[in-house]
Amino acid sequence: MPAHPDEHTQAEHGSTVHRLLPHPAPVRLLDENGQRVDAHPDYPLPPAADLLAAYRAMVIGRRFDRQACVLALQGRIAAFPSSEGQEACQVGAAQALASTDWLFPTYRDSTALLTRGIDPIDVLAPVRGRVHCGYDPYDHRCAPMTTPLATQALHAVGLAAAAARDHKPTVALALVGDGATSEGDFHEALNFAAVFRAPVVLLVQNNRYAISVPLARQSAAPALAYKGVGYGVRAEQVDGNDVAAVLAVLRVAVERARGGDGPMLVEAHTYRLAAHTTADDPSRYRDPAETARWRTRDPLVRLRTYLRTAGLLDDHDDDAISAQAEELATGVRAGVGEPAAGGPADLFTHVYAQPPATLAEQRHEAEQAAFARLDVTTQPAAGVTSGRGTSR
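Residues numbered from 1 in each chain as written. Predicted model: local features only at pLDDT ≥ 70, side-chain atom pairs only at ≥ 80, totals over all residues. Heavy atoms only, no water.

A. Spatial organisation of unusual backbone geometry. Backbone geometry places Arg-141, a non-glycine residue, at a positive phi of 50°. Accessibility expressed as a relative area gives 27% for Arg-141, which makes it partly exposed. (Buried < 20%, exposed > 50% of the residue type's maximum accessible area, 1.4 Å probe, protein only.)

B. A look at the confidence of the model for the protein chain. Taken as a whole, the protein chain shows an average pLDDT of 91; of its residues, 91% reach a score of 70 or greater. Predicted confidence for residues 381–392 stays below pLDDT 50, and this span has five contacts to residues more than four positions away or in other chains. (pLDDT = per-residue confidence, 0-100. Contact = heavy atoms within 4.5 Å.)

C. Summary view of the pairing of strand S3 (residues 200–206). Counting buried positions along S3 yields seven of seven residues, so the element is predominantly enclosed. Of the crossover connections in this fold, the one passing from strand S2 (residues 172–177) over helix H8 (residues 184–195) to the parallel S3 is right-handed. (Helix = DSSP H or I, 4+ residues; strand = E, 2+ residues; numbered from the N terminus. Right-handed = clockwise from strand over helix to strand, strands pointing away.)

D. Structural context of the layout of surface pockets. What the largest pocket holds in volume is close to 660 Å³. Per-class residue counts for the lining of the largest pocket are nine nonpolar, seven polar and five charged. Within this model, the second largest pocket holds a volume of roughly 560 Å³. In this structure, the second largest pocket is lined by 32 residues; those nearest its centre are Pro-81, Thr-106, Tyr-107, Arg-108 and Thr-146. The set of elements that each furnish at least two residues to the lining of the second largest pocket consists of S2 and strand S4 (209–210). In terms of residue class, the lining of the second largest pocket is built from 17 nonpolar, 12 polar and three charged. (1 Å grid on protein atoms, 1.4 Å probe; cavity = no way out; pocket = protein on both sides within 12 Å on 5 of 7 lines; lining within 4 Å. Points joined across faces, edges and corners; volume = space filled by probe spheres on them. Nonpolar A, V, L, I, M, F, W, Y, C, P; charged D, E, K, R; others polar.)

E. Representation of the packing of helix H3 (residues 87–96) against helix H9 (residues 243–258). Interhelical geometry of H3 versus H9 gives an angle of 35° and a closest axis separation of 8 Å. Viewed along their axes, H3 and H9 form a crossing whose handedness is right-handed. Along its contact with H3, which presents Ala-88, Cys-89, Val-91, Gly-92, Ala-93, Gln-95 and Ala-96, the element H9 presents Val-243, Val-246, Leu-247, Leu-250, Arg-251 and Val-254. Per-class residue counts for the contact of H3 with H9 are 10 nonpolar, two polar and one charged. (Axes fitted to C-alpha atoms, helices over the stretch in contact; angles between N-to-C directions. Left-handed = near helix turned anticlockwise from the far one by under 90°.)

F. Local environment of the sheet that holds strand S1 (residues 102–104). Taken together, the five strands give an open sheet; going across it, the order is S1-S2-S3-S7-S6, and neighbouring strands pair in parallel fashion. This sheet does not close on itself; its edge strands, each paired only once, are S1 and strand S6 (234–239). Within this sheet the neighbouring strands show an average axis-to-axis angle of 20°, counted without direction. In this structure, S6 lies alongside strand S7 (residues 264–269), joined through six bridges in parallel fashion. (Pairing = 2+ DSSP bridges.)

G. Local environment of the pattern of salt bridges. All chains considered together, the criterion is met by 16 salt bridges. Notably, a salt bridge pairs Asp-239 with Arg-28, separated by 2.9 Å at the nearest N-O pair. Here the residue Asp-239 occupies a position in strand S6, and Arg-28 occupies one in the loop between helix H1 (5–20) and helix H2 (48–73), the gap between them amounting to 211 residues. Between Glu-255 and Arg-258 there is a salt bridge, with its nearest N and O atoms 3.3 Å apart. Taken together, the residues Glu-255 and Arg-258, both in helix H9 and three residues apart, mark about one turn of the helix. Taken together, the salt bridges that share partners define one network made up of Arg-28, Glu-32, Asp-239, Arg-297 and Arg-302. (Salt bridge = Lys/Arg side-chain N within 4 Å of Asp/Glu carboxyl O.)

H. Here's a closer look at the pairing of S6. Most of S6 is tucked away, with five of its six residues classed as buried. Taken together, S6, H9 and S7 constitute a β-α-β crossover, and its handedness is right-handed.

I. Seen up close, the environment of Pro-199. Residue placement: Pro-199 occurs in the loop between H8 and S3. As for Pro-199 and Asp-287, which are separated by 88 residues in sequence, their C-alpha atoms are 40 Å apart. Not counting the four nearest positions on each side in its chain, Pro-199 is found in contact with Ala-160, Ala-161, Ala-164, Thr-170, Val-171, Ala-172 and Ala-257.

J. Geometry of the packing of aromatic side chains. Applying the stated rule across the entire model yields six aromatic pairs. Ring geometry for Trp-102 against Phe-104: centres 6.1 Å apart, planes inclined by 35°, an arrangement best described as tilted. Judged by relative accessible area, Phe-104 falls into the buried class, the value being 5%. Here Tyr-209 and Tyr-285 contribute two aromatic rings whose centre-to-centre distance is 5.7 Å and whose plane-to-plane angle is 55°, an arrangement assigned as tilted. In this pair, Tyr-209 sits in strand S4 while Tyr-285 sits in the loop between S7 and helix H10 (288–295), placing the two residues 76 residues apart along the sequence. With relative accessibility at 9%, the residue Tyr-209 sits in the buried group. The exposure class assigned to Tyr-285 is buried, which follows from its relative accessible area of 19%. Ring pairing ties together the aromatic residues Trp-102, Phe-104 and Tyr-138, which thus form one cluster. When the ring centre of Trp-294 is taken as reference, the NZ or CZ atom of Arg-297 above it lies at 4.4 Å. (Phe/Tyr/Trp six-rings, centres within 6.5 Å; stacked < 30°, edge-to-face > 60°. Lys NZ or Arg CZ within 6 Å of the ring centre and 35° of its normal.)

As structure tokens, this is what we get:
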């Protein structure tokens, strides 16, 4: 007797769901002691040259991060969101992309921007009160760092879908946090990406806290990666402190998207070792013992141990990388002290492509006010003579 049509539908549905589901345990290629684990059939270990490049980027990223935190505590820049502990996620994301692909970062993704080749002083431009974005997004194929949660996910999907319509081999990768998965924009992005098979990858850096809200208060799902199946998006989960695994998984995701196989959601299990920002006190909402446990899983130490054990990194190499990181930190300290270029008119430059008359009027008023203030400050005060004279 032939099978009932519903039986075929159920079988096909089950097969589809199986392909969408992530592995039950996060993908890992290096364990917490920096030792190679059993080979993963779907994700090969990246080449040694790529792992060495990743290590260098992680060392530089952490030194930049710590320098920025010190500058914030000194009051030389605004509150800074540290990414210490999440370097593997950010370096892996940047390295997985081609130069023609696009990265969509959040406010915490400074290390990803540095790895993408953006000048560190330009990365700090927003917290220096200079501009909303200190670099040209088109030069680096990197969107501005976003503070609103999950909005960049929709932007990434839109860009990727547009590129696909133009038959361009461009992939967009959006970095989001676990808190962003509680926002409507995140779910809209997944649905849109799936329906239009947009060549986009969404990487969730699950660091266990949305500021002070723990993951258990955000979602009851067994893993955030499982949110993909409800939208028809293939998903995976990875040890976010293992840069080898992050890079391997993301490279597969990016190439799948580039090849027309649609979007992919990747959840990276990681941890924010520092405070949410330099204005935060994490001891108010998380146990220091928890942070201490995660420090034993430090992604930088893990990769260093592996490279040294494999004979790929020695003291000379390590010292040279540390020297590069210190040189960058010195440049950051000097660059932050440089005066800002431009003037009040810059506030109006990038608001409209064709400014309306009202904006032109406001710009003129701002310029006139600035000139008036300058004139006042350059004139001698009443009762004060010029040169060596004294007030009467």
